[in-house]
Amino acid sequence: MAEKKQLRIGLIGCGFMGRTHSNGYNRIRNFFPELMYQPVLKAVCSRNPENVRAFADQWGYESSETDWKSLIARDDIDAVDICTPNDTHAEIAIAAAAKGKMILCEKPLSRTLEEGQKMVAAVEKAGVQNTVWYNYRRVPAVTLAKQIIESGKLGKIFHYRANFLQDWTISPELPQGGTGLWRLDVEAAGSGVTGDLLAHCIDTAMWLNGAIKDVSAVTETFIKERVHTGTGKVQKVGIDDACIFHCHFENGSLGLFESTRYARGHKALYTFEINGEHASIRWDLHDLNRLEYFDHRDESIVRGWRSILVTDGDQPYMKRWWVPGLSIGYEHSFIHQAADFLHSLETGEPCHPTFKDALETQKVCEAVIDSANSRSWKNTGVKENIA
């Protein structure tokens with residue numbers, strides 16, 4: 001047996017995403033034991049000393065830091081995992097690349113296209129392996145959808161529609177800014193649902209259906225002012241609470257996307273449906289192990305939507321887990337991405353989506369915001385399908 005190699009991880013940020021990534025690394029040795037590279041949780045960084053030490057103890061990090069610059073300067077860190085608010089992604093990633101560190105960055109890549117371009121330039125100049133955690137690609141049912149589309153079973157694609165609905169910001173008493181609520185602060189987040197939720201939808205859509213060519217969007221900010229946690233003062237809200245856009249894909253199909261945090265009763269309703277010449281598929285995050293499939297070529301007396309339970313060993317990723325019929329969850333998508341990143345170090349191939357791939361999603365997000373602000377169609381500038 002070949003000797004294992006270590007990938008020494010330095011995690012920056014110990015919130016919700018820090019937990020999902022840490023769990024992903026911790027499960028590798030149990031379920032992907034053949035991988036040449038095995039993650040070692042070397043250090044975690046967060047500004048609160050007490051909180052970061054508790055996080056390190058809980059998840060098995062060997063040490064902790066309170067300054068991210070100290071973490072990336074360490075010689076015992078090979079890869080930096082960025083789980084911080086969006087306004088810090090660019091600074092940390094560019095500095096980490098300059099230190100020769102591999103980088104795994106939470107989505108979206110950046111607040112703006114300009115920031116994202118600088119991040120891509122930095123990792124390409126340094127020649128470091130990189131990826132962005134658009135984790136829904138690695139839900140087995142979504143990966144199976146990709147395989148079905150690439151097989152040609154759907155035929156020519158006519159429609160792609162997706163939504164991502166939540167309801168957690170309806171109260172006008174909810175402040176903006178600070179830990180847990182930075183997504184409501186435009187300076188920290190860059191945008192609202194467009195960069196937070198629709199970015200997921202856009203990445204999945206372009207991975208499954210190719211480049212988005214142009215967009216026409218509408219956004220709304222329902223609560224115009226909120227108290228800012230940092231200042232204690234009432235300030236204008238700069239993010240989009242809701243967004244609807246339609247678009248043309250490069251392959252000639254039409255797209256329809258909706259996202260909001262004001263859909264009472266929906267905590268995380270993410271769905272997509274694709275309609276083709278011969279067949280259609282649809283997926284729902286609330287039932288993430290199932291992919292629904294309709295094929296018009298079936299005999300008429302049995303033609304109808306079928307529900308495919310994605311748990312068999314010959315379906316994507318599932319041979320790693322239990323026996324057919326037993327499901328996995330949201331957290332497994334992060335385990336899969338961590339495993340794919342480690343495998344990419346063996347093969348020398350990129351681990352998609354790379355920074356360059358995620359920049360294409362950023363182009364669409366920026367075009368969506370520009371379109372809504374100008375009330376006009378906008379070209380995205382996306383030139384090629386993302387891997």
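That block above? That's the structure.
**Thoughts on the packing of helix H8 (residues 193-209) against helix H10 (residues 355-374)**
Where H8 meets H10, the axes come as close as 9 Å, and the angle between the chain directions of the two elements is 125 degrees. In terms of orientation, H8 and H10 fall into the oblique class. Note that H8 runs across H10; the crossing there is right-handed. Packed against H8, whose contacting residues are Thr194, Ala199, Ile202, Asp203 and Met206, the element H10 presents Glu360, Thr361, Val364, Cys365, Val368 and Ile369 at the interface.

**Remarks on the sheet that holds strand E12 (residues 254-260)**
Strand order in the open sheet made by the 9 strands is E16-E15-E14-E13-E7-E12-E11-E8-E17, with mixed pairing throughout. With one partner strand each, in any of the chains shown, strand E16 (306-309) and strand E17 (378-379) form the two edges of the open sheet. Across 5 bridges, the pairing between strand E14 (residues 279-284) and strand E15 (residues 290-295) is antiparallel. Pairing of Ile281 across the sheet is with Tyr293, part of E15. H8 contacts strand E7 (157-165), strand E8 (212-220), strand E11 (242-249), E12 and strand E13 (269-276) of the sheet and is inclined by roughly 155 degrees relative to E7. Across the sheet, H10 is in contact with E8, E11 and E17; its angle to E8 comes to roughly 50 degrees.

**Quick look at the packing of aromatic side chains**
Inspection of the entire model under this criterion finds 22 aromatic pairs. Considering the side-chain rings of Phe16 and Tyr330, the 6.3 Å spacing of their centres and the 15 degrees angle between planes classify their relative orientation as stacked. Here the residue Phe16 occupies a position in helix H1 (residues 16-31), and Tyr330 occupies one in the loop between E16 and helix H9 (332-347), the gap between them amounting to 314 residues. On the basis of relative accessibility, which here comes to 26%, the residue Tyr330 falls in the partly exposed class. Ring geometry for Tyr136 against Tyr330: centres 6.3 Å apart, planes inclined by 50 degrees, an arrangement best described as tilted. Pair noted here: Tyr136 is in the loop between strand E6 (130-132) and helix H6 (140-151) and Tyr330 is in the loop between E16 and H9, with a separation of 194 residues, a long-range link. Overall, the relative accessible area of 7% leaves Tyr136 in the buried class.

**Quick notes on the nonpolar core**
Ranked by internal contacts, the top residues of the largest apolar core, which has 111 residues, are Phe245, Phe257, Phe272, Trp283 and Phe355. Tallying contributions element by element places H8 first for this core, with 10 residues. Each residue touching Phe245, except ones within four places of it in the same chain, is listed here: Leu198, Ile202, Val215, Ser216, Ala217, Gly255, Leu256, Phe257 and Val368.

Analysis parameters
Residues numbered from 1 in each chain as written. Predicted model: local features only at pLDDT ≥ 70, side-chain atom pairs only at ≥ 80, totals over all residues. Heavy atoms only, no water. Axes fitted to C-alpha atoms, helices over the stretch in contact; angles between N-to-C directions. Helix = DSSP H or I, 4+ residues; strand = E, 2+ residues; numbered from the N terminus. Parallel < 35°, antiparallel > 145°, perpendicular 65-115°, else oblique. Left-handed = near helix turned anticlockwise from the far one by under 90°. Contact = heavy atoms within 4.5 Å. Pairing = 2+ DSSP bridges. Phe/Tyr/Trp six-rings, centres within 6.5 Å; stacked < 30°, edge-to-face > 60°. Buried < 20%, exposed > 50% of the residue type's maximum accessible area, 1.4 Å probe, protein only. Core = buried A, V, L, I, M, F, W, Y, C linked by side-chain atoms within 4.5 Å.

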